[in-house]
Amino acid sequence: MDRNGNVFKNQRDKYIQINNFLAILNDAMNRLPPKKHWTILDLCCGKSYLTFVLYYFMKEIRQQECHVIGVDLKKDVIQKCTQIKQRLGFQEMDFIEGDIAAYNYGQGVDVVVSLHACDTATDIVLKYAMKNQVKLILSVPCCHKELAKQIQNKMLDPILKYGLLKERFAALLTDALRANVLENNGYRADVIEFVNFENSPKNVMIRAIWTGKKQTNEIQSLIDAFQITPSILTPL
Ligand SMILES: C[S@@+](CC[C@H](N)C(=O)[O-])C[C@H]1O[C@@H](n2cnc3c(N)ncnc32)[C@H](O)[C@@H]1O
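In short, a report on the structure. (Residues numbered from 1 in each chain as written. Predicted model: local features only at pLDDT ≥ 70, side-chain atom pairs only at ≥ 80, totals over all residues. Heavy atoms only, no water.)

Topic: the pattern of salt bridges
Here's step 1: For the coordinates displayed, the defined rule picks out 10 salt bridges.
Here's step 2: Its salt-bridge partner being K135, residue D110 comes within 3.0 Å of it at the nearest N-O pair. With D110 in the loop between β3 (93–97) and β4 (111–118) and K135 in the loop between α4 (121–131) and β5 (136–142), this pair connects stretches of sequence that are 25 residues apart.
Here's step 3: For K135, a relative accessible area of 30% translates into the label partly exposed. (Salt bridge = Lys/Arg side-chain N within 4 Å of Asp/Glu carboxyl O. Helix = DSSP H or I, 4+ residues; strand = E, 2+ residues; numbered from the N terminus. Buried < 20%, exposed > 50% of the residue type's maximum accessible area, 1.4 Å probe, protein only.)

Here you go:
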């Protein structure tokens, strides 16, 4: 925004993404048992537009105590975000440079959010959250490259021979497996559109709330049918 609070034209889509993300977060948090203090991780936070607004939203709008931590591989963005949070006086906010696969906050994380974590980074986010039985996961996946390189299926050749359709099919398959695996690990999972397609073509969100009730979704036949080894099923 500019100094008068007007959203820059070229940032309007991001603004809508973050607003909608927070509306979904707010609604999901209201469904969780109340807490005095929340620990929230933003994995693959990048420039952290979401992370900063999330912190403000928790503190000022929800008026709740929280510790918000952003993690990203990129040294320069982590340095910049750390400077910004110091300037803003956001004391219970930290930025950590590193690979999320190696990151370990340990027990006590309540919420994991992730917006547009590239390809299999989303699987790391979900596996991290499942391993630590995080109560709420909001993950918007991005660039589903992994299965597009792997899928083979003779019957579906009329679809898979077209590059674009293969990509879209692989993305559906990837997110379907992710949601099923979450359900098998004690989550209630939904796959929803968090913004309109025009605000981001990557507009699918996986929302998962810990219930502790494990389902027994059968996914092996899909894996066999497409001859795939999805990252969501490999150990963290
Ligand atoms: C498309 S950006 C999204 C950034 C931000 N969440 C947003 O929506 O603006 C993806 C980010 O994921 C980070 N990333 C990808 N793989 C990662 C990994 N294994 N560990 C940490 N960060 C990773 C990249 O450095 C990049 O900043």
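Let's talk about the site of the ligand
Here's step 1: Taken together, 14 residues lie near the ligand, and C44, D72, D99, I100 and L115 sit nearest.
Here's step 2: Interatomic distance of 2.9 Å between a side-chain N/O atom of K14 and an oxygen atom of the ligand.
Here's step 3: L73 places a polar main-chain atom, nitrogen or oxygen, 3.2 Å from a nitrogen atom of the ligand.
Here's step 4: In isolation the ligand offers 600 Å² of accessible surface; the protein chains occlude 81% of this area.
Here's step 5: In terms of residues, the shell around the ligand owes the most to one element, β4, which gives 3 residues.
Here's step 6: Looking at the shell around the ligand, its residues break down into 7 nonpolar, 3 polar and 4 charged. (Near = heavy atom within 4 Å. Polar contact = N/O pair within 3.5 Å; in protein donor to acceptor, adjacent residues only side chain to side chain. Areas by Shrake-Rupley, 256 points an atom, 1.4 Å probe, with all protein chains shown as cover. Nonpolar A, V, L, I, M, F, W, Y, C, P; charged D, E, K, R; others polar.)

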